[in-house]
Amino acid sequence: MKALMPSFLRRVGLAAAIAGAVAGCSTMEVTKQTVEQTSVARVGPEQTPFRTITGFSSALRCMDNMMIDYGVRDVTMLVEDIFDQTKKVNAGTRDMLITAVSDMTRRSRAIRVVAFGRDATNVISFLASAQRQSAYEVIPQFDIKGSVSQFDENVIRNQKDAGIGFQPFINLGISRDAASNVLGIDLSVLTTDDMSILSGVTSRNAVVILKTGKGLDADAAYHKFGVSFSMSLSKSEGQAQALRGLVELAVVELMGKLTKTPYWRCLGADANTNEEIKLEISDWFYAMSVSRIELIGYFQNQMRRRGFYEGPIDGQFNPAIDEAIANYRAAIGMSKEALIDEALFKAYLNTDQTTIARP
């Protein structure tokens, strides 16, 4: 019996080594295959660059500074309950959104959020008891509406099994699996004047959550403007943390579209090479140019902030704004003429204003 022990131990060690190697190769193969198949299954940009993130807190901070730079202020918003229409994600989506907006306005105080929903009943009742005539002294200009609209489980699922046996002593089996889920959220901004949706001021984003092993959420990939953000998730975070990332991404996008600030800079996207951003800028200009007052007023406000204009902001042409536009165009290398066109608008949004010499 003693003579058999060394041989037995050698077999156990060999089996363990082989099983470990098989498990390692199996895990990598399953994970790689699942990621590749999910990428094919989803409709998205090809060969997207990945950026590892821990969240979008830096993008929120960037937007805070950008709203200061572009003179965004006194925007009031109502946030309704954001329900989970899929009934599969148990998380406080509206609270995440309110927190994200709060983080994005630490310095600028540009956006004032009014929380409204079933949980506001106690506050309203208290104010009524305190003989306050209204809970809302200022009626919000806009309303955020939306829901967790998508949760597709096991879009791609792969499993690999391996076994090895040394009769009659050892029988080992290894199983590794990987699956991908897709979580999506849709948000829109409405005007409270008539509760109509503001065209183009919407956010619809999805995240792929890769799950490996026994229910461990391994990582998540967010896609925006051809840039993919990769986030590692722990088992305790999982779907809720992935949803928070989606909400923060949506807040950056919604506020950027609403206030016409180049929010893509805060997401690391290049407007000069990205076709989707180019189209969005063109859409912004076209929508403003329908009303000459809005377009002229926009440039009057921005030229005043840059030190090129000191006249009124009334949406009307005057000699001062003509001179300001001509001088600004010359400062950024364009023709010196009093012309507001799409080329100027694109150049303005994509120019680092700190590099422009004031007149």
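Residues numbered from 1 in each chain as written. Predicted model: local features only at pLDDT ≥ 70, side-chain atom pairs only at ≥ 80, totals over all residues. Heavy atoms only, no water.

Chemist: Lay out the pattern of salt bridges with the relevant residues and their values.
Modeler: Pairs can form between side chains of opposite charge whenever their charged atoms are close. What the rule picks out here adds up to twelve salt bridges. The shortest N-O distance in the salt bridge between Asp-69 and Arg-306 comes to 2.7 Å. A residue pair is termed long-range when its members are at least 10 positions apart, and Asp-69 in helix H2 (residues 57-69) and Arg-306 in the loop between helix H7 (292-305) and helix H8 (319-331) qualify at 237 residues. Taking the shortest distance from any N to any O, the salt bridge between Arg-106 and Asp-103 comes out at 3.0 Å. With relative accessibility at 47%, the residue Arg-106 sits in the partly exposed group. For Asp-103, a relative accessible area of 25% gives the class partly exposed. One network of salt bridges, in which partners are shared, links Lys-224, Glu-253, Lys-257 and Glu-280. (Salt bridge = Lys/Arg side-chain N within 4 Å of Asp/Glu carboxyl O. Helix = DSSP H or I, 4+ residues; strand = E, 2+ residues; numbered from the N terminus. Buried < 20%, exposed > 50% of the residue type's maximum accessible area, 1.4 Å probe, protein only.)

Chemist: Would you mind going over H7 in detail, with residue names and values included?
Modeler: Compared with an ideal rise of 1.5 Å per residue, which puts 14 residues at 20 Å, H7 spans 20 Å between its outermost C-alpha atoms and is within 8% of the ideal. Buried within H7 are the following residues: Leu-295, Ile-296, Gly-297, Tyr-298, Phe-299, Gln-300, Gln-302 and Met-303. In this structure, the buried residues of H7 make contact with helix H6 (275-289), H8 and helix H9 (342-350). A positive phi of about 85° marks Gly-307, the residue just after H7. (Expected span 1.5 Å × (residues − 1). Contact = heavy atoms within 4.5 Å.)

Chemist: So what's going on with the side chain of Lys-224? Residues and values would help.
Modeler: Relative to the helices and strands, Lys-224 resides in strand E8 (residues 216-224). Judged by relative accessible area, which is 10%, Lys-224 ranks as buried. At 2.7 Å, the side chain of Lys-224 and the side chain of Glu-253 are in polar contact. Ignoring sequence-local partners within four residues, the contact set of Lys-224 consists of Asn-205, Phe-229, Leu-249, Glu-253 and Leu-267. (Polar contact = N/O pair within 3.5 Å; in protein donor to acceptor, adjacent residues only side chain to side chain.)

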